[in-house]
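A look at the structure
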Amino acid sequence: MDNLKLAALKGKKRSVIRVGEIGFGEDFVVIAGPCSVESERQTVEIAQAVKQGGADMLRGGAFKPRTSPYNFQGLGLKGLKILEKAREMTGLPIVSEVLDTRDVSWMCEYVDVLQVGARNMQNFSLLKEVGKTTRPVLLKRGMHSTISEWLNCAEYILNEGNPNIILCERGIRTFETYTRNTLDLSAVAAAKELTFLPVIVDPTHGTGKVSLISPMSLAAVACGADGLIVEVHNHPEAALSDKEQALTPPEFEELSRKIRSLRAFMEALSERPSHGKEEKR
Ligand code: PEP
Ligand code: MN
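Residues numbered from 1 in each chain as written. Chains lettered and ligands numbered in written order. Predicted model: local features only at pLDDT ≥ 70, side-chain atom pairs only at ≥ 80, totals over all residues. Heavy atoms only, no water.

This part takes up the site of ligand 1. Around ligand 1, the surrounding shell consists of Arg 59, Lys 64, Glu 97, Gln 115, Gly 117, Ala 118, Arg 119, Lys 140, Arg 170, His 205 and Glu 231. The contact in question runs from an oxygen atom of ligand 1 to an N or O atom on the backbone of Ala 118, over 2.8 Å. Here an oxygen atom of ligand 1 and a side-chain polar atom of Arg 119 are 2.8 Å apart. In isolation ligand 1 offers 290 Å² of accessible surface; the protein chains occlude 97% of this area. Among the residues forming the shell around ligand 1, the class breakdown is 1 nonpolar, 3 polar and 7 charged. (Near = heavy atom within 4 Å. Polar contact = N/O pair within 3.5 Å; in protein donor to acceptor, adjacent residues only side chain to side chain. Areas by Shrake-Rupley, 256 points an atom, 1.4 Å probe, with all protein chains shown as cover. Nonpolar A, V, L, I, M, F, W, Y, C, P; charged D, E, K, R; others polar.)

Set out below in structure tokens:
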């Protein structure tokens, strides 16, 4: 990937992207929250539940990229104001998707991290616009994109002067139909050997199935991801978007517990002095 003039690792130090007290690339960051912001009560309740369950940041869509124009499109500005309120009440920084170049600069006043979604990964005007800000950008991999195309999109943002990029693997379309997408964890390891940017995983959109979120989250931890973004809803059956893939707060809490155990195990493993003959005996 010779065209990655700025994004290539090539001996550079790995980035740490700061969001409040969190450091992507330093800490393992867990982002959780609803697919869509639906009401103040729903968002605040979920924010409090995920905070209690171990989340570091809150997610929630105010502008939703929906397949059908008749589906819920998000609350827009009202949704962002609700997210602000949830941040005030819980202290959790927020990430929300920006769909339109015209919304980039004013949305920076509301969100801590701007999400560029899979459907907009190669919206080059949007990439240039978020690149002109200093807000961290969560750049999701497009559902039809190669690793090279994805990293070139990070290059667009870097080229405009914004170094604060967090990559997110969220699954790609394959011939498989059992899962919503095919979560490509090899892309996590690949992106980490090719660039200096932190890489997180979205097992929610990556699988589309509640039963697969926990195993794929643990696999993401094991393959070296820097964090996770997962959808949580207090009443999944009534969610206005992506109801079939939302964890309940107790399921999220259980997942957080497993992640902590696996991370502690991996840290202990990396601290073991030798893998030589001594240990085999
Ligand atoms: C989302 O995170 O709400 C979303 C729409 O994800 P993606 O862009 O990965 O489909
Ligand atoms: Mn969703």
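Its volume calculated, the largest pocket comes out at about 400 Å³. Pro 65, Arg 119, Arg 180, His 205 and Asp 242 are the residues nearest the centre of the largest pocket, which is lined by 25 residues in total. Here the lining of the largest pocket takes 3 residues from strand β5 (residues 94-97), the largest share from any one element. Of the residues belonging to the lining of the largest pocket, the class tally is 5 nonpolar, 9 polar and 11 charged. By residue number, the principal contributor to the lining of the second largest pocket is helix α9 (residues 249-271), which donates 4 residues. (1 Å grid on protein atoms, 1.4 Å probe; cavity = no way out; pocket = protein on both sides within 12 Å on 5 of 7 lines; lining within 4 Å. Points joined across faces, edges and corners; volume = space filled by probe spheres on them. Helix = DSSP H or I, 4+ residues; strand = E, 2+ residues; numbered from the N terminus.)

Take the packing of helix α1 (residues 40-52) against helix α2 (residues 77-90) next. Packing of α1 against α2 brings their axes to within 9 Å, and their N-to-C directions diverge by 35°. For the crossing formed where α1 meets α2, the hand is right-handed. Across the interface between the two elements, Glu 40, Thr 43, Val 44, Ala 47, Gln 48 and Lys 51 of α1 pack against Ile 82, Leu 83, Lys 85, Ala 86, Met 89 and Thr 90 of α2. (Axes fitted to C-alpha atoms, helices over the stretch in contact; angles between N-to-C directions. Left-handed = near helix turned anticlockwise from the far one by under 90°. Contact = heavy atoms within 4.5 Å.)

Quick look at the pattern of salt bridges now. In the structure shown here, the tally under the stated rule is 15 salt bridges. Between Asp 226 and Lys 192 there is a salt bridge, with the nearest N and O atoms lying 2.9 Å from each other. One end of the pair, Asp 226, is in the loop between α8 (210-222) and β10 (227-231); the other, Lys 192, is in helix α6 (residues 186-194), with 34 residues separating them in the sequence. The burial state of Asp 226 is the same as that of Lys 192; both residues are buried. Ionic contacts of the salt-bridge type, sharing partners, join the residues Glu 84, Arg 87 and Asp 112 into one network. (Salt bridge = Lys/Arg side-chain N within 4 Å of Asp/Glu carboxyl O. Buried < 20%, exposed > 50% of the residue type's maximum accessible area, 1.4 Å probe, protein only.)

With that settled, consider the packing of aromatic side chains. A full pass over the atoms with the stated rule returns 3 aromatic pairs. Taken together, a centroid distance of 6.0 Å and an interplanar angle of 85° make the contact between Trp 106 and Tyr 110 edge-to-face. Judged by relative accessible area, which is 16%, Tyr 110 ranks as buried. Taken together, the aromatic side chains of Phe 63, Trp 106 and Tyr 110 make up a single cluster linked through ring pairs. A cation sits over an aromatic face here: Lys 209 above Tyr 178, 4.1 Å from the ring centre. (Phe/Tyr/Trp six-rings, centres within 6.5 Å; stacked < 30°, edge-to-face > 60°. Lys NZ or Arg CZ within 6 Å of the ring centre and 35° of its normal.)

Bringing the coordination of the manganese ion (ligand 2) into the picture now. Metal coordination angles have textbook ideals: 109.5 degrees for a tetrahedral set of four donors and 90 or 180 degrees for an octahedral set of six. Note on the manganese ion (ligand 2): its protein donors are Cys 35 (SG), His 205 (NE2), Glu 231 (OE) and Asp 242 (OD). The metal-donor distances range over 2.0 to 2.4 Å. Donor residues for the manganese ion (ligand 2) sit on one chain with the sequence pattern C-x169-H-x25-E-x10-D. Of this pair, Cys 35 sits in the loop between β3 (29-33) and α1 while Asp 242 sits in the loop between β10 and α9, and the two are 207 residues apart along the sequence. Residue Cys 35 is classed as buried on the basis of its relative accessible area of 6%. (Donors = N, O, S within 2.8 Å, 3.2 Å for Na, K, Ca; no water.)

According to the relative accessible area criterion, Asp 242 is buried, its value standing at 16%. At 3.1 Å, the side chain of Asp 242 forms a polar contact with the side chain of Arg 180. For Asp 242, the side chain forms a polar contact with the side chain of His 205, separated by 3.1 Å. When residues no more than four places from it in sequence are discounted, the contact partners of Asp 242 are Cys 35, Arg 180, His 205 and Glu 231.

So, about the pairing of strand β6 (residues 113-116). The alternating pattern of β6 places Val 113 and Gln 115 and Leu 114 and Val 116 on opposite faces, both of which are buried. Pairing of β5 with β6, which is carried by 3 bridges, proceeds in the parallel orientation. From the neighbouring strand, Glu 97 faces β6, where its bridge partner is Gln 115. Sheet topology note: the β6/strand β7 (residues 137-140) ladder contains 3 bridges and is parallel. Paired with Leu 114 across the bridge in β7 is Val 137. At this point the chain moves from β6, through helix α4 (residues 124-131), to the parallel β7, and the crossover so formed is right-handed. (Pairing = 2+ DSSP bridges. Right-handed = clockwise from strand over helix to strand, strands pointing away.)

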